[in-house]
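Survey of secondary and tertiary structure
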Amino acid sequence: MDCERIEAALLAVVDGRAAKQERERVEGHVAACGACARRMEEMQGVWSDLDSLRAVEPSPSFDARLRARMAEQPARPRFFEWMTGNMRLVAVVAALVAVAVWISLRPTIQRPAPSSAQAQQDFAVVKNLPVLENYDVVANFDVLSDLPGAEDTSTQPQSLE
Amino acid sequence: MAELQLSAATGVLYNLDPMATTDVELMLGVKAGDEACFERLLAKYRTPLVSFLYRMVRNQATAEDLAQEAFLRVFRARKDYVPGAKFTTWLFRIATNLALNSLRDSRRHLRDLSVDQTDEDQGPGLDVIDPAAEIEETLVERERAKRIWDAVEALPEKQRVAVLLHKYQDLGYDEIARILGCSESALKSLLFRAYETLRVRLAPLAPDATGAGKGK
Ligand SMILES: [Zn+2]
């Protein structure tokens, strides 16, 4: 009679998450209803089929590699932590503009033979810029911002079919 | 703190030290600079996370790389950690997002490749089988496992994440829903559709599915 409601509750019984009361309600119905008993059996079949998607153990070097990556992380400039998102953006843009101006003015002052110290200085600036730019990525908590929305069919960027 | 009771209630899949403090306490320790707390979170979630990611991307090296990235993000965000959402919700949200991005990237990559190359590279897949897995695995079982992998892989990505979290991680409906950013009832209908699709696709396997018991 209320097979539809039983059907909706079957999964929680099969996966073991149903509360005792709910489980007993479903089991009571299933004992007397052939159609639902079959549905439950099918559901259990799928559930146990999935056991064959084996788990894997992380390789022995997992932790060592993680530690290496953790050590790599850039030290945060202290003052940066005090700024809000917009201020950070302004600071990054200002830094970029300053560098651009500096680079465009520099050749007129000192063209003939850029010393290796000069070159190294250039390199240091260029090397440090991505650190600033990456900061917001690093600090971004909303890691799910591009997970597809509640409607899995409509908002999917690429279909798997 | 209701949160603390919740996380203490589950512990089947994770090797929980009976004396362990809760994840929230461990994470607060990490925030305070306690190296050992991070160590313990790592020990507890390393395997579940790598396994989840492996089932998502079907490649161990990629799975490990993404799992490390997830731990790295947790570590980098430690200073901003506020006990609120469960730690596992946070961790699996990060992992899910990383996995989906990785899959999209490799799909894009494959598409680009296929323009000027015949599909020699099928991407991450069953070809990557480590020695341990081959022990006692007959050809029939292999074939069967491949069909199941393929059926799961063919699910729309959100359904796939839902199934993998639901089947293999010891998480409640409410938590899985939070990881996916949907309501609990939306999750249930998502799972219902997913298992229905799997049932249809795996139907030819049914005869020998007996005796396998109730799973975990
Ligand atoms: Zn019925």
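Residues numbered from 1 in each chain as written. Chains lettered and ligands numbered in written order. Predicted model: local features only at pLDDT ≥ 70, side-chain atom pairs only at ≥ 80, totals over all residues. Heavy atoms only, no water.

Moving on: the overall build of chain B. Scanning chain B from terminus to terminus reveals 10 helices and zero strands. Along its sequence from the N terminus, chain B presents helices and strands in the succession α-α-α-α-α-α-α-α-α-α. Put simply, chain B has 216 residues, and 46% of those count as buried. Carbon together with sulfur atoms contributes 55% to the accessible area of chain B, which is approximately 10000 Å² in total. (Helix = DSSP H or I, 4+ residues; strand = E, 2+ residues; numbered from the N terminus. Buried < 20%, exposed > 50% of the residue type's maximum accessible area, 1.4 Å probe, protein only. Areas by Shrake-Rupley, 256 points an atom, 1.4 Å probe, with all protein chains shown as cover.)

Attention now goes to the overall build of chain A. Along its length, chain A carries six helices and zero strands. Counting from the amino terminus, helix and strand elements in chain A follow one another as α-α-α-α-α-α. Relative to its 161 residues, chain A shows a buried fraction of 30%. Sequence separation of at least 24 residues holds for 48% of the intrachain contacts in chain A that already meet a minimum separation of 6. Surface summary for chain A: the accessible area is close to 10300 Å², and the carbon and sulfur share equals 60%. (Contact = heavy atoms within 4.5 Å.)

With that settled, the discussion passes to the pattern of salt bridges. Should their charged atoms come close, side chains of opposite charge can pair. Overall, the coordinates contain 28 salt bridges over all chains when judged by the stated rule. We note a salt bridge from Asp23(B) to Lys44(B), for which the minimum N-O separation is 2.5 Å. A residue pair is termed long-range when its members are at least 10 positions apart, and Asp23(B) in helix α2 (residues 23-31) and Lys44(B) in helix α3 (residues 35-57) qualify at 21 residues. Exposure remark for Asp23(B): the relative accessible area of 5% places this residue in the buried category. Measuring nitrogen to oxygen at the nearest pair gives 3.0 Å for the salt bridge that ties Arg58(B) to Glu153(B). Highlighted residues: Arg58(B) in the loop between α3 and α4 (60-76) and Glu153(B) in helix α7 (residues 139-153), separated in sequence by 95 residues. According to the relative accessible area criterion, Arg58(B) is buried, its value standing at 4%. Salt bridges linked by common partners bring Glu7(A), Arg39(A), Glu42(A), Glu196(B) and Arg199(B) together as one network. (Salt bridge = Lys/Arg side-chain N within 4 Å of Asp/Glu carboxyl O.)

Moving on: the coordination of the zinc ion. All names here are of chain A. Taken together, Cys 3 (SG), His 29 (NE2), Cys 33 (SG) and Cys 36 (SG) make up the protein donors of the zinc ion, found 2.0 to 2.3 Å from the metal. Because the angles between the four donor atoms bound to the zinc ion fall within 100 to 113 degrees, the donor set is best described as tetrahedral. Considered as a linear motif, the donors of the zinc ion on their single chain read C-x25-H-x3-C-x2-C. Linking Cys 3 in helix α1 (residues 3-14) with Cys 33 in the loop between α2 (20-32) and α3 (34-49), this pair joins segments that are 30 residues apart in sequence. (Donors = N, O, S within 2.8 Å, 3.2 Å for Na, K, Ca; no water. Tetrahedral: all angles 85-135°; square planar, octahedral: opposite > 155°, others 65-115°.)

Turning to the confidence of the model for chain B, a few remarks are in order. Residue and element names in this part refer to chain B. This prediction gives chain B a mean pLDDT of 81; 74% of its residues lie at or above 70. Across residues 1-18 the pLDDT falls below 50, and counting only partners more than four positions away or on other chains, this stretch makes 28 contacts in the model. Prediction confidence for the complex, expressed as pTM and ipTM, is 0.65 and 0.73 respectively. (pLDDT = per-residue confidence, 0-100.)

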